[in-house]
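Now for the letters of each chain:
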There are 2 protein chains.
Amino acid sequence: MHTATPDALLAQLHWRYATKKFDSSKKIPAATWQAIEESIALAPSSYGLQPWKFVTVADPELRTKLQAMSFKQPQIVDASHMVVFARKAEVTVADVDVFVARIVAVRGGTAEALKGYRDMMASAVSNPDTLPGESMDTYTRAQTYIALGFALYTAAQFGIDACPMEGIEAPKYDEALGLTALGYKASCVATFGYRSSEDATGKLAKVRFAHESLFIRK
Amino acid sequence: MHTATPDALLAQLHWRYATKKFDSSKKIPAATWQAIEESIALAPSSYGLQPWKFVTVADPELRTKLQAMSFKQPQIVDASHMVVFARKAEVTVADVDVFVARIVAVRGGTAEALKGYRDMMASAVSNPDTLPGESMDTYTRAQTYIALGFALYTAAQFGIDACPMEGIEAPKYDEALGLTALGYKASCVATFGYRSSEDATGKLAKVRFAHESLFIRK
């Protein structure tokens, strides 16, 4: 079951960094990309509700348009692949029922047998002030960062560079990607590809606070 | 550089699940746990500011106390290890300067040379309405979920079970762990250990929506 040695896994997490400049001539092989996507789909979420959509943007013209909504950051156009992590604006009881139907489709059984679980989730999403973060938007936004973390982690393990990007004009993204009409909002972006040899930041040591500062022991 | 095959990596992500019942007799080996901690410390954050603390709770009495603040969920007391992911309540310009000092300590150079970067970060944290999520609390909360994702991902790769847990009375956690006095707030919890053979949920198929539903292609 232990598929990776700790040293190998951590070496790749040390190796990764927020890539500032990609080599735009290099493309991620399809099989590698599919595995990154699969890892994103496998990210856990609150109750398993998956209140998100992942927008992959391949179209160069749309990339150029999004770059103008991203403080002109070059990764948006230079990266091999790009994903916008979007959260559902409102998770409703109807969404809970869609999820329950999915559980039944995957595992068998009946929705009736899941009524207790369904009602608990329905109550939670109907009372956003009781959700973690005390608002629907804060709650679903946080979930998308788990998926972001999974995406970055997988890429690093495959030796694929990536850059998590929060510097976007999210409302403009929502319109440009048709997310508003679907009831979703862009939380953040990740770009993926291969670091350019000209990216000086790729040669700098990683900066983290010491464990004594980050961890509190009880 | 490619340390893991896609199949092996994804197999462990399929294998993991939100463990409902741990075998309380089994403890994670120290070296394995240290690697999980190291991966948490390596999680990326906005600007690299690391606006977080990770509270490891080993004390059984404190675990029992926290269980009462966690809707009596058994994982809090049964798990081998437990981490509370806490966000900084207010990230200030002083925090930016501590981070800049850390960059200089790790990489050399001078704080003066980083003044442009420093001023950009200082401006961002001084204007919370311009931050992603439009509030300091939403912003820092989301960051902690990246670290949560890294922790869960690493555990899965080592064959260590885990449960992400949002069902906590966070303000009570803040007091019990002394976080309020330090200026931090609990976002979420993860428990780690080994699934009990009695945990029926560990035998159920993983439920995810189909890729056609999760991914939008542009």
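What counts and how
Residues numbered from 1 in each chain as written. Chains lettered and ligands numbered in written order. Predicted model: local features only at pLDDT ≥ 70, side-chain atom pairs only at ≥ 80, totals over all residues. Helix = DSSP H or I, 4+ residues; strand = E, 2+ residues; numbered from the N terminus. Buried ≥ 20, exposed ≤ 12 C-beta atoms within 10 Å, placed from the backbone. Contact = placed C-beta atoms within 7 Å. Arc of directions from axis to C-beta. Least-squares fit on C-alpha atoms with pLDDT ≥ 70 in both. Pairing = 2+ DSSP bridges. Axes fitted to C-alpha atoms, helices over the stretch in contact; angles between N-to-C directions. pLDDT = per-residue confidence, 0-100. Core = buried A, V, L, I, M, F, W, Y, C linked by C-beta atoms within 7 Å. Nonpolar A, V, L, I, M, F, W, Y, C, P; charged D, E, K, R; others polar. Expected span 1.5 Å × (residues − 1). Parallel < 35°, antiparallel > 145°, perpendicular 65-115°, else oblique. Left-handed = near helix turned anticlockwise from the far one by under 90°.

1. A short note on the overall build of chain A
Looking only at helices and strands, chain A features 10 helices and 5 strands. The C-alpha extent of chain A, read off along each of the three principal axes, is 60 × 45 × 35 Å. Counting across all 218 residues of chain A, residues that qualify as buried make up 44%. Considering only contacts within chain A whose residues lie at least 6 apart along the sequence, 80% involve residues at least 24 apart.

2. Overview of helix α1 (residues 6-15) of chain A
Residues of α1(A) that are buried include every one of Leu9(A), Leu10(A), Gln12(A) and Leu13(A), and no others. With its buried residues spanning 155° around the axis, α1(A) presents them on a single face. Turning to α1(A), the residues buried within the fold contact α7 (136-157) of chain A together with α2 (30-41) and α7 (136-157) of chain B.

3. Some remarks on the relation of the copies chain A and chain B
Superposition record for chain A on chain B: RMSD 0.0 Å, screw rotation 180°, translation along axis 0.0 Å. Overall, the copies show the geometry of a two-fold rotation axis. Taking C-alpha positions as reference, the residue of chain A nearest the rotation axis is Ala142(A), located at 2.2 Å. By residue overlap, the copies meet face to face through one surface: 99% of the interface positions of chain A are interface positions in chain B.

4. A closer look at the sheet that holds strand β1 (residues 52-56) of chain A
Pairing is mixed in the open sheet, where 5 strands are placed in the order β3(A)-β4(A)-β2(A)-β1(A)-β5(B). Each edge of the open sheet carries a strand with a single partner, namely β3 (161-165) of chain A together with β5 (215-217) of chain B. Sheet twist, expressed as the average angle between the axes of neighbouring strands with direction ignored, equals 25°.

5. Things to note about the confidence of the model for chain A
Averaged over all residues, the pLDDT of chain A equals 96, while 99% of them reach at least 70. Reported for the predicted complex are a pTM of 0.98 and an ipTM of 0.97.

6. A look at the nonpolar core
Formed by 114 residues in total, the largest nonpolar core has its most connected members in Val84(A), Ala151(A), Ala190(A), Val84(B), Ala151(B) and Ala190(B). Sequence-distant contacts of Val84(A), defined by excluding residues within four places in its chain, comprise Val55(A), Val57(A), Tyr173(A), Leu177(A), Ala186(A) and Val189(A).

7. Focus on the sheet that holds strand β2 (residues 81-88) of chain B
Spatial strand order, β5(A)-β1(B)-β2(B)-β4(B)-β3(B): 5 strands in an open sheet with mixed pairing. At either end of the open sheet lies a strand with only one pairing partner, and these are β5 (215-217) of chain A together with β3 (161-165) of chain B. Across this sheet, the average inter-strand angle for adjacent strands is 25°, counted without regard to direction. Examined bridge by bridge, β5(A) and strand β1 (residues 52-56) of chain B share 3 bridges and lie parallel to one another. By the bridge assignment, Phe215(A) is partnered in β1(B) with Phe54(B). α7(B) rests against β1, β2, β3 and β4 (184-193) of chain B of the sheet, and its axis sits at about 155° to β2(B).

8. Observations concerning the interface of chain A and chain B
Tallying the contact residues gives 70 residues for chain A and 69 residues for chain B. Taken together, the elements giving at least two residues each to the side of chain A that touches chain B come down to α1, α2 (30-41), β1, α5 (93-107), α7, α10 (211-214) and β5 of chain A. When residues of the side of chain A that touches chain B are assigned to their parent elements, the largest contribution, 12 residues, is made by α7(A). The class makeup of the residues in the side of chain A that touches chain B is 42 nonpolar, 17 polar and 11 charged.

9. Details of helix α5 (residues 93-107) of chain B
Residues and elements named next belong to chain B. Between its terminal C-alpha atoms α5 stretches 21 Å, which fits the 21 Å expected from 15 residues at 1.5 Å a residue. Residues of α5 that are buried sit in contact with α6 (115-126). A positive phi of about 85° marks Gly108, the residue just after α5.

10. Some thoughts on the environment of Asp23(A)
Residue and element names in this part refer to chain A. In this structure, Asp23 sits in the loop between α1 and α2. Once the C-alpha coordinates of Asp23 and Ser80 are considered, the two residues, 57 residues apart in sequence, prove to be 8.5 Å apart. With near-sequence residues (within four places) excluded, Asp23 lies in contact with Gly193, Tyr194, Arg195 and Ser196.

11. Describing the packing of α5(A) against helix α6 (residues 115-126) of chain A
All names here are of chain A. Where α5 meets α6, the axes come as close as 9 Å, and the angle between the chain directions of the two elements is 150°. When the interaxial angle is binned, α5 and α6 end up roughly antiparallel. Crossing geometry of α5 relative to α6 is assigned as right-handed. Judged by residue contacts, Val93, Val96 and Val100 of α5 engage Arg118, Met121, Ala122, Val125 and Ser126 from α6. Taken together, the residues that form the contact of α5 with α6 break down as 6 nonpolar, 1 polar and 1 charged.

12. Considering the environment of Glu175(A)
Residues and elements named next belong to chain A. With respect to the helices and strands, the residue Glu175 is situated in helix α8 (residues 170-176). Note on Glu175: 13 C-beta atoms within 10 Å, which makes it partly exposed. Linking Glu175 and Ala162, residues 13 residues apart in sequence, is a C-alpha distance of 25 Å.

13. Quick look at unusual backbone geometry
Of note in this structure, Tyr47(A) is not a glycine but carries a positive phi near 60°. Assignment of secondary structure puts Tyr47(A) in the loop between α2 and β1. Residue classification places Tyr47(A) among the partly exposed positions, given that 19 C-beta atoms sit within 10 Å. Despite not being glycine, Lys72(B) has its phi angle at roughly 60°, a positive value. With respect to the element layout, Lys72(B) can be found in the loop between α3 (60-67) and α4 (75-78).

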